[in-house]
Amino acid sequence: MRIGYGIDFHQLVEGRDLMIGGVKIPHTKGALGHSDADVLLHAICDALLGAACLGDIGVHFPDTSVEFKNIDSKILLAKTRDLIAAEGYSIVNIDASLCLEKPKIKPHIPAMQETIANILGIGLRDISIKATTNEKMGFVGREEGLVAHAVCLLQAK
């Protein structure tokens, strides 16, 4: 059994779509990044890669590469799944938390769980997604950015 932890941050800006957990969330701002800046999928990728001792998302999908410019993070998650499978691991579960002031995430969690479960080939009950605010404090509280944390458990096949 191997435990992994991932964290990701992105600025919020006007003129970008807000992608979280592979789902487009209606909002006036979106996350800024080299890819589609899906903070949740990036944190999950880092947790999975870390648990398998494969480095982090930047090692495998560098933000300096044209190949990954504006890429859909669901593709990065699928590639991450393949990397950990090649190391002989399968996913037991994922527990993730989002931190942002707006918009409210709860209505979108089932769609996120379904998207992630389909990509990773695991059950809906193996993916926990929670959301909280930063109580108006810091860059998250000022709605300048958002954060995602993820923990995963892998097992040797």
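Residues numbered from 1 in each chain as written. Predicted model: local features only at pLDDT ≥ 70, side-chain atom pairs only at ≥ 80, totals over all residues. Heavy atoms only, no water.

Asks: A description of the environment of Ile57 should follow, citing residues and the corresponding values.
Replies: Within the secondary structure, Ile57 is located in helix α2 (residues 57-60). Judged by relative accessible area, which is 14%, Ile57 ranks as buried. As for Ile57 and Leu83, which are separated by 26 residues in sequence, their C-alpha atoms are 11 Å apart. Setting aside chain neighbours within four positions, we find Ile57 in contact with His42, Cys45, Asp46, Leu49, Pro62 and Leu76. (Helix = DSSP H or I, 4+ residues; strand = E, 2+ residues; numbered from the N terminus. Buried < 20%, exposed > 50% of the residue type's maximum accessible area, 1.4 Å probe, protein only. Contact = heavy atoms within 4.5 Å.)

Asks: Describe in detail unusual backbone geometry, supporting the description with residues and values.
Replies: The omega torsion of the bond from Lys102 to Pro103 falls at -5°, within 30 degrees of zero and hence cis. Note that Pro103 resides in the loop between β5 (89-99) and α4 (109-120).

Asks: Now, about the packing of aromatic side chains: what can you tell me, with residues and values included?
Replies: Across all of its chains, the model carries 2 aromatic pairs by this definition. Relative to Phe139, the ring of Phe9 lies with its centre 6.2 Å away and its plane at 50°, an arrangement referred to as tilted. With a gap of 130 residues between them, Phe9 in strand β1 (residues 2-14) and Phe139 in helix α5 (residues 138-141) connect regions that are remote in the sequence. The class of Phe139 is partly exposed, set by a relative accessible area of 33%. Residues Phe61 and Phe68 carry aromatic rings whose centres are separated by 5.4 Å and whose planes lie at 80° to one another, so their mutual orientation is edge-to-face. For Phe61, a relative accessible area of 10% puts it in the buried group. Accessibility expressed as a relative area gives 6% for Phe68, which makes it buried. (Phe/Tyr/Trp six-rings, centres within 6.5 Å; stacked < 30°, edge-to-face > 60°.)

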